[in-house]
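Architecture and fold: a report
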Amino acid sequence: MSGPASLSDLAGRMAAVVGARNCFSAGPDLLTYECDGLTHGRTRPDLVVLPGSTAEVVEVVRLARASGRPIVPRGSGTGLSGGARPVPGCVVVALSRMRRILEVNLEDGWVRVEPGVLNLDVTKHVSAAGHYYAPDPSSQSICSIGGNVAENSGGAHCLKYGFTVNHVLGARLVLHDGKVVDIGGPALDAPGHDLLAALVGSEGMLGIVTEVTLRLLRKPEATRTFFATFPSTDEGGEAVSRIIAAGILPAAIEMMDRLAIEAAKAATGLDWPDVGAALLMDADGPAAEVEDLSARAVKIAREVGALELRLPRNEAERQLMWKGRKSAFAAVGRISPNYLVEDGTIPRSEIAPVLREIESMARDNGLRVANVFHAGDGNLHPLVLYDARNGGEEERAENLGGDILRMCVRRGGSITGEHGVGAEKAAYMADMYGESDLETMQWVRAAFDPEGAMNPGKVFPKLRLCGEKPGPGGLEHPAVKSGEVQRW
Amino acid sequence: MSGSGRHPALDCVHCGFCLPVCPTWTVWGREPDSPRGRIEIARAMLDGAAPTAEMVSHLDSCLGCMACLAACPSGVRYDAVIEEARSRVEASGVRTSADAGRRSAIFSLFPHPGRLRVAAVFLWLWRITGLRWLTRATGLTRLLPFIGRLDALAPDLGFGEVTSSLPAGARAAGTSRGRVALVGGCVQRVFFPGVNEATLRVLSAEGYDVVVPLGQGCCGALSVHAGRDDEARAMTRALVERLEASGADTFLVNAAGCGSHLKDLGHLFRNDPAWRDRAVEFSRKVKDVTEFLAAVAPRAERHPIPGKVAYHSPCHLGHAQGIQDPPRALLRAIPGLELVEVAEGDQCCGSAGIYNLVQVEASDELGARKAANVMATGAPYLASANPGCTLQVQRVLREKGAAVQAAHPIEILDASIQGKPFPGRRG
């Protein structure tokens, strides 16, 4: 196929495939696609195209590649690591028009959906029949299944039920050359290489997923929730460790510190007290088991010094408690003009000392850090608060975020629990992996996409430049400025 | 300005929680037609970008349903963002002359109850004389789509209704519990005169003296939602003066669109030192009639109205004013009445002020979705507390041949107190 000569020519051809209203090339139409849930580093794409079917995705990919442009797939644009951030001159393929639920098989417990279907809509669709889709990122009301597959998204209840990778049975994938491949399927344990495990969490670098088969679960017979407050995160962390050490596996156990509680209260009007830390725990399963587990967990919380224990009186009150937790990230916008959402993991036993270290690092930098996290998994979400209007504060915040992630690695954890590496954390990959580790990952990527045309510039660090910081003059290396290389 | 003192468009953190509740995003999946996308456009204009045709189309496609306002964890004042962006558009002269002409025609009719009544009389004459049949048969309504649209929306009215005037007021039955003033509304007064009459009867039966100040014009809600700020301020000032002169210290509203506007006048007059405090003080005294009644102990006996009633939650009541439970509680208190929820009940019906006259495609799509959800309840009755919604939902139900009878919650309450059957018209 001969490539279209100009951008306007390409836009015309794309419009012929997807309809003129679903192809954007004018500046004002592109604004909201310049970033995802991570707003710095905005980049304008050449085109944004919204295909409506696998066949249209194939055409769009072929046209984009024939024009030599890289492709950046996008779901609902809620990612927090810049995984859907455009690169200069790219075509963004947004899947938000592909949101049909194609097939439901409750008997065998699966559902086949298009990638733009929202996470919570899967559960809504099957809940009347007593089923649900388990992974529940805090953004589940808006994040898309396609995005969940790309990022291997987690959520509060992944402690017991596992991440997206444990719930995807099959996927249809459009490769960089327009070839369509089917991986896995409703039958468990397909023979051959487990390509699904390679695909889930590949952050859009292997191709564009256009159909996903998801595992459905039966709703548990009973769910018990409790909310406990503590004088500080020391006692909160201790409660988490002891609850799990006692052999109790909660469906979810979440911790918030003082600042996060303040933000959640501001956003939802919850009457939570001003305390140093709070835990929100769900136990689910057969009623008898749940009663026993939650009673034991409550007892442990009391023993380690809980100030107050609250049980929701009804489902509405329970939903409100969870809403407080799930809106905490965006709610921080109410207590700070700007903030960075970090995402790292640590061993569960390190929670209390790590939080103390974060606090002292924040103090040294003259910044505040709010913590809201999946305590059971040791998956931290430190939110670095800053005000971009104060000169140098944004940079200090970014440095502090980076230092926190490196500290997580030092403590035996990782630079991301569930938000993905994306554009933001590519530079920290070298803190986690050696060169041969990264090279092996690149081999897998190249097997699917030899030219690196799908979502380039994400996950892998760019060419290495001497890791020293700019000198006292603050002058940046020209190659760093132009984006060709980065320090890591 | 937000609490942080910044422009409210700058409070958006781009999290996307507004997308799934936005009707246009739900229907089209195109992000420039979402709150997040529109806030980006407002920011660009704030940075000095001149409005373009693309920007205007995305700002125009917003229904102003304010579902995003309730969904936003960061507390962005989207209402302020969109109103200001629209007023920049109106000031820029970017609209084509045909578009500007159509809008100015709408605004020289709807916010003027006197003119609207004249139009209703003409509509009535047109219908009873057979001219309507003639224009339809000759295809004239297709040539003049705007007239056809108005015709399809307006309910069948009797001569008595199109010429009825605003009732003067009512005295409390028994000992008076207080004195309140009623806002008459424009579209409501002309197309649903029964709602004001029912409101007076219910308030009187519950023990309130009601004054309906004479000479009430439009409250300015339609204009402010469309970015016509100066026009809105002039209308609002005139209405506020009339109501204040009544001496009442509670101002009741029974049309949700008017209520949400009158409760938030501080924003409209934020740059007017002479009116700012007065506007805030006035807004403090405004209540929706269902909110007011649900908060006081009932005095009049409720008689049974057996049957299933679907509850439609108007956006300007549920989202903009956060009034969810009061109208439902009033209806549930009627013996025999079974209140049922409409699926996707938080989603706009596509009426949205003047939206169904200017954004026909999206409005029709949302109207069809709403009608299908209403029909799925199997209820023969619909309760709707906003005249625009009632016109829109009835139009679509009529087109689908569904026999659903719609009434304002206050009309249903009135019928119950009087011991009458379910009121209102069949669609």
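When you go through chain B residue by residue, the secondary structure sums to 25 helices and 10 strands. Within chain B, the proportion of its 427 residues that are buried is 60%. When contacts within chain B are restricted to residue pairs at least 6 apart in sequence, long-range pairs at least 24 apart make up 75% of them.

On inspection of all chains with the given rule, the structure shows 7 aromatic pairs over all chains. Ring geometry for Tyr208 of chain B against Phe292 of chain B: centres 5.0 Å apart, planes inclined by 70°, an arrangement best described as edge-to-face. Here Tyr208 of chain B is found in strand 3 (residues 208–211), whereas its partner Phe292 of chain B is found in helix 19 (residues 289–294), with 84 residues between them in sequence. Directly above the ring of Trp25 of chain B sits Arg99 of chain A, whose terminal nitrogen or CZ lies 5.0 Å from the centroid. For Arg237 of chain B, the ring lying beneath its charged end belongs to Trp275 of chain B, and the centroid distance is 5.8 Å.

Before going further, it helps to examine the pattern of salt bridges. All names here are of chain A. If you walk through the whole model with that rule in mind, you get 60 salt bridges over all chains. Linking Asp46 and Arg69 is a salt bridge whose minimum nitrogen-to-oxygen distance equals 2.8 Å. Here Asp46 is found in the loop between helix 2 (27–30) and strand 2 (47–49), whereas its partner Arg69 is found in the loop between helix 3 (54–66) and strand 3 (71–74), with 23 residues between them in sequence. One salt bridge connects Glu103 with Arg112, and the closest N-O pair in it is separated by 3.1 Å. On the accessibility criterion, Arg112 (23% relative accessible area) is partly exposed. Because the salt bridges share partners, they merge into one network encompassing Glu103, Arg112, Arg172, Asp182 and Glu211.

When two helices pack together, you describe them by how their axes are tilted relative to each other and by the distance separating the axes. Residues and elements named next belong to chain B. At their nearest, the axes of helix 3 (residues 53–60) and helix 5 (residues 78–92) sit 11 Å apart, and the two run at 140° to each other. Here helix 3 is positioned oblique relative to helix 5, judged by the angle of their axes. Crossing hand, helix 3 versus helix 5: left-handed. In contact with Val56, Leu59 and Asp60 of helix 3, helix 5 contributes Ile82, Ala85, Arg86 and Val89. Residues of the contact of helix 3 with helix 5, tallied by class, amount to 5 nonpolar, no polar and 2 charged.

Counting residues at the interface gives 31 residues for chain B, matched by 36 residues for chain A. Summing the contributions of chain B and of chain A, the shared interface buries around 2600 Å²; its carbon and sulfur component is 54%. In terms of surface lost to chain A, no three residues of chain B exceed Phe17, Arg30 and Pro73 of chain B, which account for 22% of the buried area on that side. Across the contact surface, chain B and chain A share 3 salt bridges. Notably, a salt bridge pairs Glu361 of chain B with Arg21 of chain A, separated by 2.9 Å at the nearest N-O pair. The tally of links from chain B across to chain A stands at 14 residue pairs in polar contact (both at pLDDT 80 or more). Those elements that place two or more of their residues in the side of chain B that touches chain A are helix 1 (23–28), helix 2 (35–46) and helix 3 of chain B. At 6 residues, the largest contribution of residues to the side of chain B that touches chain A is made by helix 2 of chain B.

A few words now on the pairing of strand 5 (residues 101–105) of chain A. Pairing of strand 5 of chain A with strand 6 (residues 110–113) of chain A, which is carried by 4 bridges, proceeds in the antiparallel orientation. Across the sheet, residue Val104 of chain A finds its bridge partner in strand 6 of chain A, namely Val111 of chain A.

All names here are of chain A. Summarising burial for strand 18 (residues 368–374): 6 of the 7 residues are buried, a large majority. Across 3 bridges, strand 13 (residues 252–257) lies against strand 18 in antiparallel orientation. Pairing of Glu254 across the sheet is with His374, part of strand 18. As judged from the 4 bridges shared by strand 18 and strand 20 (residues 382–386), these two strands associate in the antiparallel manner. Opposite Asn371, over in strand 20, you have Pro382 as the bridge partner.

All names here are of chain A. Buried residues of helix 9 (residues 258–268): Leu259, Ala260, Ile261, Ala263, Ala264 and Thr268, and no others. Summarising the contacts, the buried residues of helix 9 are in contact with strand 13, strand 14 (277–285), helix 11 (315–326), helix 12 (328–331), strand 18 and strand 20. After helix 9 finishes, the residue Gly269 shows a positive phi value of roughly 75°.

Residues and elements named next belong to chain B. With the rule as written, the count across this model stands at 6 cavities of 30 Å³ or more. Reported here for the largest cavity is a volume of approximately 130 Å³. Forming the boundary of the largest cavity are 15 residues, of which Cys12, Cys18, Ile39, Cys72 and Val76 lie nearest the centre. Here the element with the most residues in the lining of the largest cavity is helix 2; it accounts for 3 residues. The residue makeup of the lining of the largest cavity, split by class, is 11 nonpolar, 3 polar and 1 charged.

Averaged over chain B, the pLDDT score is 86; the fraction of residues at 70 or greater is 85%. Across the interface, the model reports ipTM at 0.89; the global pTM reads 0.85.

Moving on, we get to the side chain of His261 of chain B. Residue and element names in this part refer to chain B. Inspection of the secondary structure assignment puts His261 in helix 16 (residues 256–262). On the basis of relative accessibility, which here comes to 6%, the residue His261 falls in the buried class. Here His261 is in contact with Cys219, Gly220, Ala221, Val224, Thr236 and Leu268, once residues within four sequence places are set aside.

Residues and elements named next belong to chain A. When its domains are assigned, chain A resolves into domain 1 (7–94), domain 2 (101–218), domain 3 (222–426) and domain 4 (435–481). Contacts between the two partners involve 10 residues from domain 1 and, on the opposite side, 6 residues from domain 4. Regarding the contact of domain 1 and domain 4, the summed buried area is about 610 Å², with carbon and sulfur atoms giving 59% of it. Linking domain 1 with domain 4 are 1 salt bridge. Notably, a salt bridge pairs Arg65 with Glu451, separated by 2.7 Å at the nearest N-O pair. One can count 6 residue pairs in polar contact (both at pLDDT 80 or more) joining domain 1 with domain 4. Counted by class, the side of domain 1 that touches domain 4 contains 6 nonpolar, 2 polar and 2 charged residues.

Okay, the nonpolar core next. Counting residues in each nonpolar core, the largest one holds 59 residues, and the members touching the most others are Trp272, Tyr339 and Leu383 of chain A. In terms of nonpolar packing, the next biggest core, distinct from the first, is built from 43 residues, Val240, Ile346, Ile358 and Cys408 of chain A among them.

Moving on, we come to the sheet that holds strand 1 (residues 169–170) of chain B. Residue and element names in this part refer to chain B. Here we have 5 strands laid out as an open sheet, ordered 1-3-2-4-5, and mixed in their pairing. The open sheet is flanked by strand 1 and strand 5 (286–288), the only strands paired with a single partner. Pairing between strand 2 (residues 178–183) and strand 3: 4 bridges, direction parallel. Each residue of the ladder has a partner; that of Gly178, found in strand 3, is Tyr208. Running over the sheet, helix 15 (residues 229–245) touches strand 2 and strand 4 (251–253) and is turned about 160° from strand 2.

So, how was this worked out
- Residues numbered from 1 in each chain as written.
- Chains lettered and ligands numbered in written order.
- Predicted model: local features only at pLDDT ≥ 70, side-chain atom pairs only at ≥ 80, totals over all residues.
- Heavy atoms only, no water.
- Helix = DSSP H or I, 4+ residues; strand = E, 2+ residues; numbered from the N terminus.
- Buried < 20%, exposed > 50% of the residue type's maximum accessible area, 1.4 Å probe, protein only.
- Contact = heavy atoms within 4.5 Å.
- Phe/Tyr/Trp six-rings, centres within 6.5 Å; stacked < 30°, edge-to-face > 60°.
- Lys NZ or Arg CZ within 6 Å of the ring centre and 35° of its normal.
- Salt bridge = Lys/Arg side-chain N within 4 Å of Asp/Glu carboxyl O.
- Axes fitted to C-alpha atoms, helices over the stretch in contact; angles between N-to-C directions.
- Parallel < 35°, antiparallel > 145°, perpendicular 65-115°, else oblique.
- Left-handed = near helix turned anticlockwise from the far one by under 90°.
- Nonpolar A, V, L, I, M, F, W, Y, C, P; charged D, E, K, R; others polar.
- Buried area = accessible area lost by both parts, 1.4 Å probe.
- Polar contact = N/O pair within 3.5 Å; in protein donor to acceptor, adjacent residues only side chain to side chain.
- Pairing = 2+ DSSP bridges.
- 1 Å grid on protein atoms, 1.4 Å probe; cavity = no way out; pocket = protein on both sides within 12 Å on 5 of 7 lines; lining within 4 Å.
- Points joined across faces, edges and corners; volume = space filled by probe spheres on them.
- pLDDT = per-residue confidence, 0-100.
- Domains from an automatic or database assignment.
- Core = buried A, V, L, I, M, F, W, Y, C linked by side-chain atoms within 4.5 Å.

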